Amino acid sequence: MEPSHQVTSALLLMLSLRNGKGSTLFSLHGHGYLGQNHHGRGLFVTREHVHSQEDHDEKSHKGNEEPNCLGKDEYIDNATLVQSYRQDVRYFDFHIVYSASYRVPVLYFRTYSSDGQPLLLEDIEKELPGNSTNVLMESKWTFITQEEHPYLNRPWYKLHPCGTSEWMKLLFLTDPSLGGSQGVPVELYLSSWISMVGQAVGLKVPLEMFNKRKE
Amino acid sequence: MDVEAMGREAQKYVWEGAIPLQIHLHESEVTTLPHPSPALVLAPRMGYLPLLLPLLKPHFSSTLPPGVDTIWFEYKGLPLKWHIPTGVLFDLLCAEQERPWNLTVHFRGYPGNILTPCEGEDSVKWSFINSLKEAAYIVNGNCKNVMNMSQSDQVELWHSVLNGNMETYQRVSSKLKLEKVGDQYVGKPNSNLLKSRTNTGETDTGGPVKTDKCFTLRDAVKALLPELFVEKTLIDEEIPRIELEEESRAPSDDESNTRNEEDVEEKQGENVECCCPSDDAETKLKLVRIQGIEPKLEIPFSWVVNNLMNPEHFLHICVFVKVPQAKPLPHDR
């Protein structure tokens, strides 16, 4: 079954490994993948969100997607898109770090424009798709704070982890086929986790990540 | 004096502890002649640097350039993290414990790429409560007790920290029911522990059973930083590059917590140096400093935690390690 091209491309989302080191945890058929860094403690993804000053409507970007020359239509070459627009490019870096205190993964992110200028939280919230701001406002479990990155020692934004274990439990309770007495495999936990937290920051997880598991 | 009373005495000593600071205004912000004299302040150990603003502003206000104040401090060029208690910063950064401690204050040009923003007392309070929640989560598995504190209790708790008022702090924080760490014992294998507990033939003189080994401060540091206690030494040709920033902060900071368990979580120290050839086990660990004290490593860890922890319920252990001298590497052409 061919992966749905629309799911990820609607947001021009590309999850790609920041550096080539380490083994892949799971792959997303050419959309990029989450990988492990050499410490084994963090996963990181890079997202490039192309933002048009004239037009906030995400859908207008679709027209500029070009299938790459190898004929695979999954991989989007961002560089091409940047050239065709004169616009600000916002960069988002996402890191997933394990919190020893809360015993859950925590999403850290930072965002900056192409000249390296960091962006303020208010500006970020304007950038996010409408859905995520709703998630942020309505959920008592997700709020963004600015704290020190535990390994890089610089200010990053983070999605506060104190509610994570509660809603992850709820998530797995609702489906008895998941987990069970042996617990939940890491890949499944992480993909479920990121499908939840990702909503708050506009990250979407392609469906095939879950389809693959069922094979 | 019994152990309990000694504990209370220690707590009082720590709460009343203060660091004498000599604070210089950064020269870029001096607009008048002559230069203002440095401000001399006694900063509470348990407090935080931005809270000194009300003391410092009047001293320097006449010479500051126009603009909005965003106070920040640096020591020898290193911007100081405002969310770390003053006493911990001093213990960590000042190996020789210089008194007074010479700091530079800035009211402008906040380094937002290095320090998280600080908007005065509220930011510090938020950070404090957040750390307290984290401690509660570690101890209880949830932070309900902190979240459910009444508004007035929260205010009173924070003010007790602001004012260094130990009695008020202890009264309000006892409502949180964050249990004190009980005495911990560690036998070499766990079965020994069980055997000696059920051994009725043993003469019991009261107090800890003699065959059990008490979990000491040394055991705690070893559990957190096992690499400092390597038995076998490995000769390693590659000397790791140590960043200059880290070198001026040669000690590594570790935060332990009040969790009552034996398998303490391992946290990497900031400087994990490679093995020194032919050094025996403990010489890599030069010094352990807690609340300005260099406690004997044989002290039971539970005593250290209960009496030396900070009001946010974290115990800050500053560890000084030996760092191998960097050998000049052959220059590649």
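The structure under discussion appears in the preceding block.
Conventions used here
Residues numbered from 1 in each chain as written. Chains lettered and ligands numbered in written order. Predicted model: local features only at pLDDT ≥ 70, side-chain atom pairs only at ≥ 80, totals over all residues. Heavy atoms only, no water. Helix = DSSP H or I, 4+ residues; strand = E, 2+ residues; numbered from the N terminus. Buried < 20%, exposed > 50% of the residue type's maximum accessible area, 1.4 Å probe, protein only. Areas by Shrake-Rupley, 256 points an atom, 1.4 Å probe, with all protein chains shown as cover. Contact = heavy atoms within 4.5 Å. Pairing = 2+ DSSP bridges. Axes fitted to C-alpha atoms, helices over the stretch in contact; angles between N-to-C directions. Core = buried A, V, L, I, M, F, W, Y, C linked by side-chain atoms within 4.5 Å. Phe/Tyr/Trp six-rings, centres within 6.5 Å; stacked < 30°, edge-to-face > 60°. Salt bridge = Lys/Arg side-chain N within 4 Å of Asp/Glu carboxyl O. Buried area = accessible area lost by both parts, 1.4 Å probe. Expected span 1.5 Å × (residues − 1). Bend = angle between axes of the 7 residues up to and from the residue.

Trainee: Explain the overall build of chain A to me, please; I cannot follow it from the model alone.
Mentor: Scanning chain A for helices and strands turns up 7 helices and 7 strands. Looking at chain A residue by residue over its 215 residues, the buried ones come to 47%. When the accessible surface of chain A is split by element, carbon and sulfur atoms take 52% of a total near 11,600 Å².

Trainee: Help me understand the overall build of chain B in this model?
Mentor: What chain B contains, in helices and strands, is 11 helices and 8 strands. For chain B, the share of sequence-separated contacts (at least 6 apart) that also reach a separation of at least 24 residues comes to 75%. In the structure as shown, chain B presents an accessible area of about 17,800 Å², 53% of it carried by carbon and sulfur atoms.

Trainee: In this structure, what is going on with the sheet that holds strand β5 (residues 101-106) of chain B? I would like to understand it.
Mentor: Paired through their backbone hydrogen bonds, the strands of a sheet run either parallel or antiparallel. All names here are of chain B. If you walk across this open sheet you meet the 5 strands as β2-β1-β5-β3-β4, and the pairing is mixed. The open sheet has two free edges, formed respectively by β2 (39-44) and β4 (78-79), since each of these has just one partner strand. As defined by bridge partners, strand β1 (residues 18-25) adjoins β5 across 5 bridges and the pair is classed as parallel. Paired with Gln22 across the two strands is Asn102, which belongs to β5. In this fold helix α2 (residues 53-60) packs onto β1, β2, β3 (72-75) and β5, with an angle of close to 175° to the strand it touches most, β2. The sheet contacts of helix α3 (residues 86-93) involve β1, β2, β3, β4 and β5, and relative to β5 the element is tilted by about 120°.

Trainee: So what exactly am I meant to see when it comes to unusual backbone geometry here?
Mentor: Note: most residues except glycine have negative phi, and most peptide bonds are trans. Note that the residue after Leu33 of chain B, namely Pro34 of chain B, is joined by a cis bond; omega there is -10°. Mapped onto the fold, Pro34 of chain B is located in the loop between β1 and β2. A cis amide bond links Arg99 of chain B to the next residue, Pro100 of chain B, at an omega of 0°. Within the secondary structure, Pro100 of chain B sits in the loop between α3 and β5. The phi angle at Asn153 of chain A is positive, at roughly 55°, despite the residue not being glycine. Note that Asn153 of chain A resides in the loop between β6 (144-148) and β7 (155-159). Note on Asn153 of chain A: relative accessible area 22%, which makes it partly exposed.

Trainee: Would you take a moment to explain the nonpolar core for this structure?
Mentor: Note that soluble globular proteins tend to have their nonpolar side chains buried in a common cluster. Residues and elements named next belong to chain B. In terms of nonpolar packing, the biggest core is built from 48 residues, with Leu217, Leu285, Ile290, Phe301 and Leu315 touching the most fellow members. For this core, the elements supplying multiple residues, two or more each, are α1 (3-15), α4 (121-140), α6 (151-163), α7 (166-174), α9 (217-224), β7 (285-289), α11 (301-308) and β8 (314-321). Broken down by element, this core gets its largest block of residues, 6 residues, from α4. With sequence-adjacent residues up to four places away left out, Ile290 is seen in contact with Asp91, Leu217, Pro295, Val304, Leu308, Leu315, His316 and Ile317. The next biggest cluster of nonpolar side chains, apart from the first, holds 30 residues, and it includes Ile19, Phe73, Tyr75 and Trp101.

Trainee: How do you make sense of the packing of aromatic side chains when you look at a structure like this?
Mentor: Each aromatic ring pair is described using two quantities: the centre-to-centre distance and the angle formed by the ring planes. All told, the structure shown has 11 aromatic pairs over all chains when counted by the stated rule. What links up through ring pairs into an aromatic cluster is the set Phe92, Phe94, Phe109 and Tyr157 of chain A.

Trainee: Just checking my understanding: could you explain the side chain of Glu147 of chain A for this structure?
Mentor: Relative to the helices and strands, Glu147 of chain A is located in strand β6. When residues no more than four places from it in sequence are discounted, the contact partners of Glu147 of chain A are Arg154, Pro155, Trp156, Lys158 and His160 of chain A together with Thr116, Trp126 and Asn130 of chain B.

Trainee: In this structure, what is going on with the pairing of β6 of chain A? I would like to understand it.
Mentor: Remember that side chains alternate between the two faces of the sheet whenever the strand is regular. Among the 5 residues that make up β6 of chain A, 4 are buried, leaving the element largely enclosed by the rest of the structure. Here β6 of chain A folds back onto β7 of chain A, and the loop between the two strands holds 6 residues, one of which, Asn153 of chain A, carries a positive phi near 55°.

Trainee: Would you mind showing me how to read the environment of Ile23 of chain B here?
Mentor: Residues and elements named next belong to chain B. You can see Ile23 is positioned in strand β1. Relative accessible area serves as the criterion here: at 0%, Ile23 is assigned to the buried category. Sequence-wise, Ile23 and Glu74 are 51 residues apart; in three dimensions their C-alpha atoms are separated by 9.9 Å. Contacts of Ile23, omitting those with residues within four sequence positions, involve Pro38, Ala39, Val41, Leu52, Leu56, Phe60, Phe73, Leu103 and Val105.

Trainee: I keep staring at the pattern of salt bridges and nothing clicks. Help me out?
Mentor: Pairs can form between side chains of opposite charge whenever their charged atoms are close. This structure, assessed with the given rule, holds 12 salt bridges over all chains. The partner of Arg110 of chain A in a salt bridge is Asp93 of chain A, and the shortest N-O contact between them spans 3.0 Å. Placement of Arg110 of chain A in strand β5 (residues 104-113) and of Asp93 of chain A in strand β4 (residues 89-99) is noted, with a sequence separation of 17 residues between them. The exposure class assigned to Arg110 of chain A is partly exposed, which follows from its relative accessible area of 30%. With relative accessibility at 1%, the residue Asp93 of chain A sits in the buried group. A salt bridge links Lys81 of chain B to Glu148 of chain A; the shortest N-O distance between them is 3.2 Å. On the criterion of chain membership, the pair formed by Lys81 of chain B in the loop between β4 and α3 and Glu148 of chain A in strand β6 is interchain, its members lying in two chains.

Trainee: Sorry, what's going on with the interface of chain A and chain B here?
Mentor: How big an interface is tends to be stated in terms of accessible area lost as the parts join. On the chain B side, the residues contacting the 15 residues of chain A number 21 residues. Summed over both partners, the interface of chain A with chain B comes to about 1,600 Å²; 48% of that surface belongs to carbon and sulfur atoms. The largest share of the area that chain A buries against chain B comes from Ser101, Tyr102 and Glu148 of chain A, three residues that together contribute 33% of it. Remark: the boundary between chain A and chain B carries 1 salt bridge.

Trainee: Any chance you could explain the side chain of Asn145 of chain B here in plain terms?
Mentor: Residue and element names in this part refer to chain B. By the secondary structure assignment, Asn145 is in helix α5 (residues 144-147). For Asn145, a relative accessible area of 18% puts it in the buried group. Ignoring sequence-local partners within four residues, the contact set of Asn145 consists of Ala136, Asn140, Leu176 and Leu178.

Trainee: Before we go on, may I ask you to explain α11 of chain B in this structure?
Mentor: For an α-helix the count is 3.6 residues per turn, leaving residues at separations of three or four pointing the same way. Most of α11 of chain B is tucked away, with 7 of its 8 residues classed as buried. When α11 of chain B is considered as a whole, its buried residues turn out to be Phe301, Ser302, Val304, Val305, Asn306, Asn307 and Leu308 of chain B.

Trainee: I'm lost on the pairing of β1 of chain B in this one. Help?
Mentor: Residue and element names in this part refer to chain B. Burial of β1 is one-sided: the residues Ile19, Leu21, Ile23 and Leu25 facing one way are buried, the residues Ala18, Pro20, Gln22 and His24 facing the other way are not. Here β1 pairs with β2 via 6 bridges, running antiparallel. Paired with Ile19 across the two strands is Ala43, which belongs to β2.

Trainee: In this structure, what is going on with the environment of Pro34 of chain B? I would like to understand it.
Mentor: A relative accessible area of 68% places Pro34 of chain B in the exposed class. Sequence separation between Pro34 of chain B and Thr63 of chain B is 29 residues, and the spatial gap between their C-alpha atoms is 9.7 Å.

Trainee: Just to check I follow, could you spell out helix α6 (residues 186-201) of chain A for this structure?
Mentor: All names here are of chain A. Here α6 contains 16 residues, and its C-alpha end-to-end distance of 22 Å stays within 8% of the 22 Å for a straight helix at 1.5 Å per residue. Maximal helix bending in α6 amounts to about 25°, located at Ser195. Along α6, the residues that are buried comprise Leu188, Leu190, Ser191, Ser192, Trp193, Ile194, Val197, Gly198, Ala200 and Val201. Positive phi shows up at Gly202, right after α6, with a value of about 80°.

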